[in-house]
Amino acid sequence: QGEVRFYTSDGDSAKLFTANPTLSHLSFSPDGRQLLVTDIIQSLEGEKHRSTVFDMRTKHFLPAEYYAFRSAAFCGNDRICGVKTEGQYSRLVIADMNNADAQEAIFSAGPGMPYTAIYDPVYAGEHTIAFIAANGINRDILFINQDTKKIQKLLFNDPLPAIRCLQTNTTDEGTLLTFS
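What counts as what
Sequence positions are assigned chain by chain, starting from 1 and proceeding in written order. Totals for whole chains, interfaces and linings use every residue, but because this is a predicted model, local features are given only for residues with pLDDT of at least 70 and side-chain atom pairs only at 80 or more, for both listing and counting. To get the side-chain values, take all heavy atoms of the structure and skip hydrogens and water. Should DSSP find at least two bridges between two strands, the strands are regarded as paired. Counting from the N terminus, the helices are DSSP H or I runs at least four residues long and the strands are E runs at least two residues long. All axes here are fitted lines through C-alpha atoms, helices being fitted over the stretch that makes contact, and every angle between N-to-C directions spans 0 to 180 degrees. Using a 1.4 Å probe on the protein chains alone, a residue whose accessible area is under 20% of its type maximum counts as buried, one over 50% counts as exposed, and one in between counts as partly exposed.

1. Brief notes about the sheet that holds strand β11 (residues 117–123)
Strand order in this open sheet of four strands is β11-β12-β13-β14, and the pairing throughout is antiparallel. Both outer strands of the open sheet, β11 and β14 (151–153), are each paired with one neighbouring strand and no more. The sheet shows a mean angle of 30 degrees between the axes of neighbouring strands, direction not considered.

2. What about unusual backbone geometry?
A positive phi angle, near 80 degrees, is found at A68, a position not held by glycine. Summarising the element assignment, A68 is placed in the loop between β6 (60–67) and β7 (69–74). Overall, A68 belongs to the partly exposed group, its relative accessible area being 37%. Positive phi, normally seen in glycine, also occurs at C165, with a value near 55 degrees. With respect to the element layout, C165 can be found in the loop between β14 and β15 (167–171).

Written out as structure tokens, the structure is:
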């Protein structure tokens with residue numbers, strides 16, 4: 001087990017919590033008040049992906065847990081988006097933090113569809129989620145409006161094969177996407 005620490009701009013740090021060794025992803029809410037923690041836990045059915053929310057003010061986890069999100073991020077201050085996989089199919093799903101059972105699939109990928117897999121959803125500005133949609137090593141970055149479900153593709157001069165690790169940072173100037 002390890003520690004998750006928060007570092008300030010002056011170099012000070014404070015322990016937030018002791019992390020499960022299977023921690024796979026951290027994502028701050030757009031307002032910075034909450035931290036989404038994704039890990040893998042053992043259950044009677046085997047390994048399960050779990051996402052929980054850590055309140056940065058109270059320094060405690062909220063009681064709701066979200067299961068089956070392979071990767072997850074905040075997609076607004078009160079919504080979580082994640083990738084759920086079932087066999088060869090994956091779905092981009094939005095979960096309402098006020099009602100953990102209220103989940104809506106807004107994009108799907110799998111055999112016979114335009115894309116075969118979905119990776120790394122991230123907050124990309126108000127009402128917008130960015131994510132990687134893949135066909136083998138061929139990858140696109142797509143943006144989807146949470147309300148209208150309209151999809152836009154980020155166009156590049158040259159294809160970007162095998163991109164991964166899509167991340168977002170919000171600054172005073174706007175939202176910045178990075179990937180490797």
